[in-house]
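# Structural features, examined
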Amino acid sequence: VNKVKVALLGLGNVGTGVWKILNTNKEEIRRRSGYDIEIAKILVRDKSKKRNVEVPEELLTDNADEVFNNDEIRIVVELMGGVEPAYEYMMRAIKSKKHLVSANKMVIATKGEELIGAAAEAGVMFYYEASVGGGIPIIHGINESLTANKIEEVVGIINGTTNYILTKMSLEGLSFDTALKGAQEKGFAEADPTSDVEAYDAMYKLAILASLSFGAKINLDSIYREGITKIESVDIAYAKELGYTIKLLAIGKDNDGVLELRVHPAMIPSTHPLANVNNSFNAIFIRGNAIGDLMLYGKGAGDLPTGSAVVGDIISILRNNIDLAPSNDINNQSTTVKYSPMEETKCEYYIRLSVRDLPGTFGEIATILGKNGVSLSSVIQKGKGEEFVPLVFVTHGTKEANLNRSLEEMKNMPAIYKIDNVIRVENL
Ligand SMILES: NC(=O)c1ccc[n+]([C@@H]2O[C@H](COP(=O)([O-])OP(=O)(O)OC[C@H]3O[C@@H](n4cnc5c(N)ncnc54)[C@H](OP(=O)(O)O)[C@@H]3O)[C@@H](O)[C@H]2O)c1
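Below, the structure is looked at part by part. Per chain, the residues get numbers from 1 upward, laid out in the order the sequence is written. In keeping with the predicted nature of the model, local features appear solely for residues at pLDDT of at least 70, side-chain atom pairs appear and are counted solely at 80 or more, and the whole-chain, interface and lining totals rest on all residues. With hydrogens and water excluded, all non-hydrogen atoms of the structure serve as input to the side-chain values.

### A look at the overall build of the protein
- The helix and strand labels rest on DSSP assignments: H or I over at least four residues marks a helix, E over at least two residues marks a strand, and numbering proceeds from the N terminus. Counting secondary structure elements, the protein contains 14 helices and 18 strands.
- As a reference, a globule follows 2.2 Å times the number of residues to the power 0.38, and the radius of gyration itself is taken over C-alpha atoms. Over its C-alpha trace the protein gives a radius of gyration of 24 Å, about what one expects of a compact globule, namely 22 Å for 428 residues.
- With the C-alpha coordinates of the protein rotated into their principal frame, the extents come out at 80 × 45 × 35 Å.
- Here the protein holds 428 residues, and the buried ones make up 54% of them.
- Whether two residues touch is decided by their heavy atoms; if any such pair falls within 4.5 Å, the residues are in contact. Restricting to contacts in the protein with at least 6 residues of sequence separation, those with at least 24 account for 74%.
- Within the structure as shown, the protein displays about 19,200 Å² of accessible surface, and the carbon and sulfur contribution to it stands at 48%. When a residue's accessible area, from a 1.4 Å probe over protein chains only, is under 20% of the maximum for its type it is buried; when over 50% it is exposed; and in between it is partly exposed. In this description, accessible areas are obtained by the Shrake-Rupley approach with a 1.4 Å probe, and a residue is regarded as covered only by the protein chains that are shown.

As structure tokens, this is what we get:
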């Protein structure tokens, strides 16, 4: 059995998972990779911090040079997070001819092209399975098992924190704030939840999924992004009444060479498999022109599930010849990509208004919608005799531009007190 030295950059959640898996599954990993994997160095910020695993003290360092200047280290595993200094360290690893594994969606979504290019040039392997969907083998799935397909559509629930919050709101009737607090207490949400609840995390992951699925370098500015903070309990209740479940979806479509990329909360039919992906689980639904519909479901975060993907990448590297430059770095990405603007996107819409209970109000709204090419598929009107009553309707499919024009006109209607919420409906 050969021996190989590996360095970890980071020993947080994921680093701890990797450490545990390498120890627990030592025998299997030796058999499957042909190597004894030795963690030779672990870069951290604070060496004196208490760790969740017992790690020999001499392995920890806060000096990156100890990793990059050590020629015996053949594989660097970046599990720090953030763009800098992670990106700088990843480039240093590549330039010192070390193979690279990372779980860092933020770096890969923003600097993936540079990293992939530099790795190809240096003749090292670079894998990042854990960056999307945690333990779910989505990246190898798209790159290898599904590579014979033209992928037409990818729709995913790829952020566990928001899915946990929406599940609690939906199944237990909690408010957004209470559900978020619960998620933070259970360790599913960070103290600053912005990246999750405002859907930046899902946007990075969609950029990675779309680049692999559609063979394009994705510009993050071309992804429409909207978080879940404006979803209220009352919207969840109406969704149920209408037969829908609210999920934060990441959607990528290739419409004859024009990409449609968006991340936002959406009502989906409660009978669709994605509607039953609950708590912190993730799922990715793919439509390929040969495979048809496919869904991958599993744990998108957590130390062991994410560690499973990271260690899988290390083993993939070992199974190829670590002394030879990889031959499979085909850069098939097109940089001349066309994106369809959000205004051109066609959706159905749920609209919730507070209106004055006056005769003729509904007729007036219907006229505005009709004039702008928006027709209605259902209406719910509740309450009577109060000053303001809720009015909820769902439209048929229409362009976002038509909807926006209608909303602008409605804002000027004296009978409408407030447009409380607008949520897209995806009849998947
Ligand atoms: N958590 C998940 O379930 C999950 C799932 C999929 C992907 N990911 C990705 O995996 C990566 C790691 O996530 P995590 O949850 O494990 O993060 P984490 O718990 O915050 O751990 C980060 C680790 O990196 C070290 N570190 C951070 N900045 C450093 C610096 N400038 N110099 C040296 N060491 C530094 C920290 O050192 P100290 O311990 O000394 O502070 C810590 O050990 C992120 O890119 C994340 O997006 C995470």
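Text resumes after the structure shown.
### Things to note about the site of the ligand
- As a matter of local geometry, the ligand sits amid 22 residues, with Leu11, Asp46, Lys49, Arg51 and Gly302 nearest to it.
- Here an oxygen atom of the ligand and a side-chain polar atom of lysine 49 are 2.8 Å apart.
- N or O atoms within 3.5 Å of each other form a polar contact, as long as, within protein, one can give a hydrogen and the other can take it, and as long as residues adjacent in sequence are counted only when both atoms are side-chain atoms. Within the backbone of glycine 302, a nitrogen or oxygen atom sits 2.8 Å from an oxygen atom of the ligand.
- Considered on its own, the ligand offers 900 Å² of accessible surface; in the complex 81% of this is hidden by protein. Any residue with a non-hydrogen atom lying within 4 Å of a molecule or strand is treated as near it.

### Some details on the pairing of strand E12 (residues 292-299)
- Strand direction decides the pairing type here: strand E11 (residues 281-288) and E12, joined by 8 bridges, are antiparallel. What sits directly across from isoleucine 284, in E12, is leucine 296.
- Counted between consecutive antiparallel strands, the loop separating E11 from E12 contains 3 residues. Strand pairing follows a simple DSSP-based rule, namely that at least 2 bridges must link the two strands.

### Focus on the pairing of strand E9 (residues 244-255)
- Where burial is concerned, most of E9 is hidden: 11 out of the 12 residues are buried.
- Relative to E9, strand E7 (residues 151-157) runs antiparallel, the two being bridged by 4 bridges. For glutamate 153, the partnering residue across the bridge sits in E9 and is lysine 253.
- Direction of pairing for E9 relative to strand E10 (residues 258-269): antiparallel, over a ladder of 12 bridges. In the sheet register, tyrosine 244 faces E10, and the bridge partner there is proline 269.
- Where E9 folds back onto E10 in an antiparallel hairpin, the turn is made up of 2 residues, including aspartate 256, whose phi is positive at roughly 50°.

### Here we look at the environment of lysine 247
- Topologically, lysine 247 is positioned in strand E9.
- A sequence separation of 27 residues divides lysine 247 from leucine 274, and the C-alpha atoms of the two residues are 8.4 Å apart.
- Contact partners of lysine 247, with chain neighbours within four places excluded, come to Ile157, Asn163, Leu166, Thr167, His264, Pro265, Ala266, Ile268, Leu274, Ala275, Val277 and Asn278.
- Within the structure, lysine 247 has its side chain in polar contact with the side chain of asparagine 278 (distance 3.3 Å).

### Observations regarding the side chain of asparagine 282
- Looking at the secondary structure, you find asparagine 282 in strand E11.
- The class for asparagine 282 is buried, based on a relative accessible area of 0%.
- In this view, asparagine 282 contacts Gly133, Ile136, Ile157, Ile158, Asn159, Gly160, Val277, Leu296, Tyr297, Gly298 and Gly300; residues no more than four positions away in its chain are not counted.

### Thoughts on the sheet that holds strand E2 (residues 35-43)
- An order of E3-E2-E1-E4-E5-E6 is seen for the 6 strands of this open sheet, with the pairing classed as parallel. Looking at strand neighbours, the two that pair on one side only are strand E3 (60-61) and strand E6 (126-127), the edges of this open sheet.
- With respect to the sheet, helix H1 (residues 13-24) is in contact with strand E1 (2-9) and E2, its orientation differing from that of E2 by roughly 150°. Fitted lines through C-alpha atoms give the axes, limited to the stretch in contact for helices. The angle between two N-to-C directions lies from 0 to 180 degrees.

### As for the packing of helix H2 (residues 26-33) against helix H12 (residues 303-319)
- Remark: H2 packs on H12, axes separated minimally by 9 Å, with the N-to-C direction vectors making an angle of 30°. Mapping the contact onto sequence places Ile29, Arg32 and Ser33 in H2 and Val311, Ile315, Leu318 and Arg319 in H12.

### Considering the nonpolar core
- In these notes, a set of buried Ala, Val, Leu, Ile, Met, Phe, Trp, Tyr and Cys residues joined through side-chain atoms within 4.5 Å is what counts as a nonpolar core. If you look at the biggest cluster of nonpolar residues, it comprises 83 residues, and the most contacted ones within it are Ile138, Ile165, Ile223 and Val263.
- The element that contributes the greatest number of residues to this core is helix H10 (residues 200-214), accounting for 10 residues.
- When sequence neighbours within four positions are dropped, the list of residues in contact with isoleucine 138 reads Glu129, Val132, Leu209, Ile284, Ile286 and Leu296.
- If you look at the next biggest cluster of nonpolar residues, it comprises 35 residues, including Trp19, Tyr35, Val44 and Ala103.

### Describing the pattern of salt bridges
- Any carboxyl oxygen of Asp or Glu that lies within 4 Å of a side-chain nitrogen of Lys or Arg is treated as forming a salt bridge with it. On inspection of all chains with the given rule, the structure shows 28 salt bridges.
- Of the charged contacts, one joins arginine 92 and aspartate 65 as a salt bridge, the two residues approaching to 2.7 Å between their closest N and O atoms. Placement of the pair is arginine 92 in helix H4 (residues 86-95) and aspartate 65 in helix H3 (residues 65-68), with a sequence separation of 27 residues.
- Note on aspartate 65: relative accessible area 33%, which makes it partly exposed.
- Here lysine 382 ties to glutamate 241 by a salt bridge, and the two come within 2.7 Å at their closest N and O atoms. Here lysine 382 is found in the loop between strand E15 (376-381) and strand E16 (388-395), whereas its partner glutamate 241 is found in helix H11 (residues 233-241), with 141 residues between them in sequence.

### A few points about unusual backbone geometry
- Geometrically, the link from glutamate 84 to proline 85 is a cis peptide bond, its omega value of 5° lying close to zero.
- Following the sequence through the fold, proline 85 ends up in the loop between strand E4 (73-78) and H4.
- The phi angle at aspartate 256 is positive, at roughly 50°, despite the residue not being glycine.
- Its location among the elements puts aspartate 256 in the loop between E9 and E10.
- For aspartate 256, a relative accessible area of 80% translates into the label exposed.
- A positive phi is found at asparagine 279, a non-glycine position, where the angle reads about 55°.
- Note on placement: asparagine 279 falls in the loop between E10 and E11.
- Given a relative accessible area of 32%, asparagine 279 falls into the partly exposed group.

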